[in-house]
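Listed below are the residues making up each chain.
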Amino acid sequence: AFWRRGRRSLVETSKLAPLQTQDLEGVVSHLQNCKHVIVMVGAGASVSAGIPDFRTPGTGLYDNLQKYDLPYPEAVFDLRFFKKKPSSI
């Protein structure tokens, strides 16, 4: 389904046929006819890819900030700090 902006809300419009099959091949076939795709996922996608989360005690980023010797915790997200000291992160 596609969405377009209506007068006061988003309106669903259908320009493509529904999935031919309800499996990965059906999704791939469907996406090959799309111009724009938006994927929304939660934090679990990055964790399963090996990227540590923020909150898990012992392994989370917040629990391990001390090993980066940061001047303040938010420096891990600060592009200016990274440009000055890229080896810290």
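Since we're looking at a predicted model, the values are computed, not measured. (Residues numbered from 1 in each chain as written. Predicted model: local features only at pLDDT ≥ 70, side-chain atom pairs only at ≥ 80, totals over all residues. Heavy atoms only, no water.)

Some details on the overall build of the protein chain
1) Next: In terms of regular secondary structure, the protein chain is built from 3 helices and 2 strands.
2) Next: In the protein chain, the succession of α and β elements from N to C terminus is β-β-α-α-α.
3) Next: Of all 89 residues assigned to the protein chain, the portion counted as buried reaches 17%.
4) Next: Put simply, the protein chain shows about 8000 Å² of open surface, and 57% of that area lies on carbon and sulfur atoms. (Helix = DSSP H or I, 4+ residues; strand = E, 2+ residues; numbered from the N terminus. Buried < 20%, exposed > 50% of the residue type's maximum accessible area, 1.4 Å probe, protein only. Areas by Shrake-Rupley, 256 points an atom, 1.4 Å probe, with all protein chains shown as cover.)

Looking at a nonpolar patch on the surface
1) Next: Together, Leu24, Val27, Val28, Leu31, Val37, Val39 and Val41 make up an exposed nonpolar region whose accessible area comes to about 640 Å².
2) Next: Among the secondary structure elements, Val39 is positioned in the loop between helix H1 (24-31) and helix H2 (44-48).
3) Next: Assessed through its relative accessible area of 65%, Val39 is described here as exposed. (Patch = residues over 30% accessible without salt bridge, like charges linked within 9 Å, V, L, I, M, F, W, Y side chains within 5 Å. Salt bridge = Lys/Arg side-chain N within 4 Å of Asp/Glu carboxyl O.)

Concerning the nonpolar core
1) Next: Among the nonpolar cores identified, the biggest contains 6 residues, and these are Leu61, Leu65, Leu70, Ala75, Val76 and Phe81.
2) Next: Leave out the neighbours within four places in its chain, and Leu61 touches Asp53, Phe54, Tyr68, Val76 and Phe77. (Core = buried A, V, L, I, M, F, W, Y, C linked by side-chain atoms within 4.5 Å. Contact = heavy atoms within 4.5 Å.)

A few points about the packing of aromatic side chains
1) Next: This structure, assessed with the given rule, holds 2 aromatic pairs.
2) Next: Seen from their ring centres, Phe54 and Tyr62 are 5.3 Å apart, and the 40 degrees between their planes marks the pair as tilted.
3) Next: Through successive ring pairs, a cluster of aromatic residues spans Phe54, Tyr62 and Phe77. (Phe/Tyr/Trp six-rings, centres within 6.5 Å; stacked < 30°, edge-to-face > 60°.)

Re the side chain of Asp78
1) Next: Looking at where Asp78 falls in the secondary structure, it is placed in the loop between H2 and helix H3 (79-84).
2) Next: Residue class for Asp78 comes out buried when judged on its relative accessible area of 14%.

Section: the pattern of salt bridges
Opposite charge on two side chains permits pairing when their charged atoms draw close.
1) Next: Going through the model one piece at a time under the given rule, you end up with 1 salt bridge.
2) Next: With a shortest N-O distance of 3.4 Å, Arg80 and Asp78 are connected by a salt bridge.

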